[in-house]
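Residue-level structure breakdown
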Amino acid sequence: ALFQQLTGINAVIFYSTKIFSHNAEIGTLLVGIVNCVTSALGIVMLFKFGRKTLLYNGMIGMSISLCLLASLKDYSYWQISLSLMFLLFFEISIG
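Looking only at helices and strands, the protein chain features six helices and zero strands. Seen in sequence order, the protein chain has helices and strands lined up from the N terminus as α-α-α-α-α-α. Over its C-alpha trace the protein chain gives a radius of gyration of 13 Å, about what one expects of a compact globule, namely 12 Å for 95 residues. When the backbone C-alpha atoms are referred to their principal axes, the protein chain occupies close to 40 × 25 × 20 Å. Taking all contacts inside the protein chain whose residues are at least 6 apart in sequence as the whole, residues at least 24 apart take part in 70%. As presented, the protein chain carries roughly 6,300 Å² of accessible surface, and 70% of it is formed by carbon and sulfur atoms.

So, in structure tokens, the structure goes:
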């Protein structure tokens, strides 16, 4: 539970309207859809690949997406796609 809080997932979910300020409604809707779909996908992938593999790959994917997101200087569609990629890796690993 500690690692879930330290990843910053709450910031992505709670501040999704500010992160997606240009299209707040669509961004928040996409966060909800990705959250639900990848939760179900994570369960299926757990039985296929195992917990340790999903955990390692998810942490690597979250790290890459957050580093790329931090390197953005202004708003772009990369901001939306990298935030959703972070959410996807979170949900299939420790979410």
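Turning next to the side chain of Ser65. Within the secondary structure layout, Ser65 lies in helix H5 (residues 51-70). For Ser65, a relative accessible area of 0% translates into the label buried. Once residues lying within four places of it in the same chain are set aside, the contact partners of Ser65 are Leu82, Met85 and Phe86.

Grouped together as the largest cluster of nonpolar side chains are twelve residues: Ile9, Val12, Phe20, Val31, Val34, Met62, Ile80, Leu84, Phe86, Leu87, Phe90 and Ile94. The dominant element in this core, judged by the number of residues it contributes, is helix H6 (residues 77-93), at five residues. Once residues lying within four places of it in the same chain are set aside, the contact partners of Val34 are Leu84, Leu87 and Leu88.

Residues of the protein chain with pLDDT of at least 70 account for 99%, and the chain-wide mean is 83. Within the protein chain, H5 carries the highest mean pLDDT (90), whereas helix H1 (residues 2-6) carries the lowest (72).

If you add up the space inside the largest pocket, you get close to 200 Å³. If you trace the largest pocket, you find it lined by Ser39, Gly42, Ile43, Leu46, Arg51, Leu54, Leu55, Glu91, Ile92, Ser93, Ile94 and Gly95. Elements represented by at least two residues in the lining of the largest pocket include exactly helix H4 (24-49), H5 and H6. Across the lining of the largest pocket, the residue classes tally to six nonpolar, four polar and two charged.

Attention shifts here to the packing of H4 against H5. Where H4 meets H5, the closest approach of the two axes is 7 Å, and the angle between their N-to-C directions is 120°. Compared by their axis directions, H4 and H5 come out oblique. Where H4 approaches H5, its residues Gly42, Met45, Leu46 and Phe49 are matched on the opposing element by Arg51, Thr53 and Leu54. Its residues assigned to classes, the contact of H4 with H5 comprises four nonpolar, two polar and one charged.

With that settled, consider the environment of Phe86. Note that Phe86 resides in helix H6. Each C-alpha atom, one on Phe86 and one on Ile64, is 8.4 Å from the other, the two residues being 22 residues apart in sequence. When neighbours within four sequence positions are excluded, Phe86 is seen to be in contact with Thr7, Gly8, Ile9, Val12, Met62, Ser65 and Leu66.

The rules behind these values
Residues numbered from 1 in each chain as written. Predicted model: local features only at pLDDT ≥ 70, side-chain atom pairs only at ≥ 80, totals over all residues. Heavy atoms only, no water. Helix = DSSP H or I, 4+ residues; strand = E, 2+ residues; numbered from the N terminus. Rg over C-alpha atoms; globule rule 2.2 N^0.38 Å. Contact = heavy atoms within 4.5 Å. Areas by Shrake-Rupley, 256 points an atom, 1.4 Å probe, with all protein chains shown as cover. Buried < 20%, exposed > 50% of the residue type's maximum accessible area, 1.4 Å probe, protein only. Core = buried A, V, L, I, M, F, W, Y, C linked by side-chain atoms within 4.5 Å. pLDDT = per-residue confidence, 0-100. 1 Å grid on protein atoms, 1.4 Å probe; cavity = no way out; pocket = protein on both sides within 12 Å on 5 of 7 lines; lining within 4 Å. Points joined across faces, edges and corners; volume = space filled by probe spheres on them. Nonpolar A, V, L, I, M, F, W, Y, C, P; charged D, E, K, R; others polar. Axes fitted to C-alpha atoms, helices over the stretch in contact; angles between N-to-C directions. Parallel < 35°, antiparallel > 145°, perpendicular 65-115°, else oblique.

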